[in-house]
Amino acid sequence: MDSVRIMLAAFSAEDRKFISGLLQDESLRIVSAFQPDKDGLKKAGAQPADVLLLGTRGKADREYDFAERMYTTRSDITILLLAPGPSATDIARAMESGIARVIDIESGESAIRTQILTTASRDQNRRSCVVKVSSYDSKVVACYSPKGGVGKTTIAVNIAYALASMNKKVALIDLSLQFGDVGVFLDITKGDTIADMVEERTFELSTIRSYLIRHQSGIMVMLSSNSPEYAELIRPEHIESILSTLRTEFDYVVLDMGVSLGDSAISAFEIADSILFIVNEDIAALHDAKRSLKVMEALNLQDKTSIVVNKDGVSTIKVGDVTRLLDMKPVLVVPFDIKSAVMAVNRGIPMLNCASRSKASQAIRTYARSMVRRV
Ligand SMILES: Nc1ncnc2c1ncn2[C@@H]1O[C@H](COP(=O)(O)OP(=O)(O)OP(=O)(O)O)[C@@H](O)[C@H]1O
Ligand SMILES: [Mg+2]
């Protein structure tokens, strides 16, 4: 790697000067120095860098809180703490705050420099591996519609089920953050939710994995928050961290989106490889869809957006009309099948399982097969 870019954060100017003096080496470059306070948070949030080095010659205390805040927002940097004679408690606290390593400020210039370099380059390698894996073998599929009740959850659950039946490793994430009901569709009555996970503030794979609930089909499910007010806790950067991590672990990550086109949804769409935009053959819904598709276009998401018609066959509006109106040909048309759909929800079993031969199930299964072939 080229020189390591360091943001140096210490409360006293003398400490900043002292620590800068320890880092005189051409492989290390201090790109900014500031106090780890409120202003510092803003600076550290925007500064391109590889390492955040928190330093003190006294007892570290408020530094942990600063590290914790940076850890959730800047997954691209390595956080280090330079402090005198760290105890086991200090190290445990540092780890909880997302600090990758605690370096003893009294261990000598050269040992300090080596530890910064090795930790930074190890972290950078790990991150670049994650990026490589993610761009190859996983697919994040978001099921969305600005309209309620069109069949987002039905499509998401059953695509996930079809993929899991083909022995794919599938995660199904309920991002209908206010009124998610994936749990109802899969008869998962209780369990940890995405809001509990976000409260824990760490987005390591092992932590995220512990919040996934295994459905008997093999699908790993993350439930939405239990109550609408928790939805606000979930920020776009959380969604980004969760999805970037999950895509390295699963063949498919299927997202059941809510109707919102807020910041969190947009960040999920940005990460998604494809967005299935679900519509019904009803004129008001189609006009809403048209408006929403314009917004998606403005967000530059049009190339990964496809149309799915659900509940086909009960209206005078036909698939051809949908194609003309939206100027896009649907990639999947699911027939209206109230008997199978209602039985599935009432029993908490995916329609593909409990009404496997219904025309609606067959259409979804065929589409899921084509997804696998396309990889
Ligand atoms: N192809 C279909 N034929 C008949 N009924 C269907 C079909 N697909 C879904 N339904 C039914 O329509 C209702 C709404 O479906 P679903 O909950 O999947 O929609 P949604 O878009 O996720 O809704 P929400 O916006 O409330 O999350 C459910 O009762 C479901 O059983
Ligand atoms: Mg739903």
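Residues numbered from 1 in each chain as written. Chains lettered and ligands numbered in written order. Predicted model: local features only at pLDDT ≥ 70, side-chain atom pairs only at ≥ 80, totals over all residues.

A. Broad picture of the domain arrangement of the chain. Along its sequence, the chain is organised into domain 1 (4–132) and domain 2 (138–374). Distance from the C-alpha centre of domain 1 to the C-alpha centre of domain 2: 40 Å. On the side of domain 2, five residues touch domain 1, which itself brings six residues to the contact. It is helix H3 (residues 62–73) that contributes the most residues to the side of domain 1 that touches domain 2, three residues altogether. Class assignment for the residues of the side of domain 1 that touches domain 2 results in one nonpolar, four polar and one charged. (Domains from an automatic or database assignment. Contact = placed C-beta atoms within 7 Å. Helix = DSSP H or I, 4+ residues; strand = E, 2+ residues; numbered from the N terminus. Nonpolar A, V, L, I, M, F, W, Y, C, P; charged D, E, K, R; others polar.)

B. Seen up close, the pairing of strand S12 (residues 305–312). With respect to burial, S12 is a largely interior element, seven of its eight residues being buried. Direction of pairing for strand S11 (residues 274–279) relative to S12: parallel, over a ladder of five bridges. Among the inter-strand pairings, Phe 277 is bridged to a residue of S12, identified as Ile 307. Of the crossover connections in this fold, the one passing from S11 over helix H12 (residues 283–298) to the parallel S12 is right-handed. Direction of pairing for S12 relative to strand S13 (residues 332–335): parallel, over a ladder of four bridges. Residue pairing for S13: Asp 312 is matched across the bridge by Pro 335. In this view, the connection linking S12 to its parallel neighbour S13 by way of helix H13 (residues 319–326) has right-handed handedness. (Buried ≥ 20, exposed ≤ 12 C-beta atoms within 10 Å, placed from the backbone. Pairing = 2+ DSSP bridges. Right-handed = clockwise from strand over helix to strand, strands pointing away.)

C. Highlighting the pairing of strand S6 (residues 139–144). Across the six residues that make up S6, a large majority, six, are buried. Burial along S6 is two-sided: the face carrying Lys 139, Val 141 and Cys 143 and the face carrying Val 140, Ala 142 and Tyr 144 are both buried. By the bridge criterion, five bridges tie S6 to strand S10 (residues 252–257) in an arrangement that is parallel. Bridge pairing in S10 places Cys 143 opposite Asp 256. In terms of strand pairing, S6 meets S11 through four bridges, oriented parallel. By the bridge assignment, Tyr 144 is partnered in S11 with Phe 277.

D. Broad picture of the sheet that holds S13. Strand order in the open sheet formed by eight strands is S8-S9-S7-S10-S6-S11-S12-S13, and the pairing between neighbours is mixed. Edge positions in the sheet fall to strand S8 (213–214) and S13, since each of these pairs with one other strand and no more. Two strands pair when backbone bridges link them, and strand S7 (residues 170–175) and S10 are joined in this way by six bridges, in the parallel orientation. Pairing of Leu 175 across the sheet is with Met 257, part of S10. Where H12 meets the sheet, it contacts S11 and S12, and its direction lies at approximately 160° from that of S11. (Axes fitted to C-alpha atoms, helices over the stretch in contact; angles between N-to-C directions.)

E. Spotlight on the site of ligand 1. Not every one of the 20 residues close to ligand 1 is listed here, only the nearest: Gly 148, Lys 152, Thr 153, Thr 154 and Ala 341. Mapped onto the shell around ligand 1, the elements with two or more residues apiece are helix H6 (152–165), S12 and helix H14 (338–347). Element by element, the count of residues in the shell around ligand 1 is highest for H14, at four residues. A breakdown of the residues in the shell around ligand 1 according to their chemical character gives nine nonpolar, eight polar and three charged. (Near = placed C-beta within 6 Å.)

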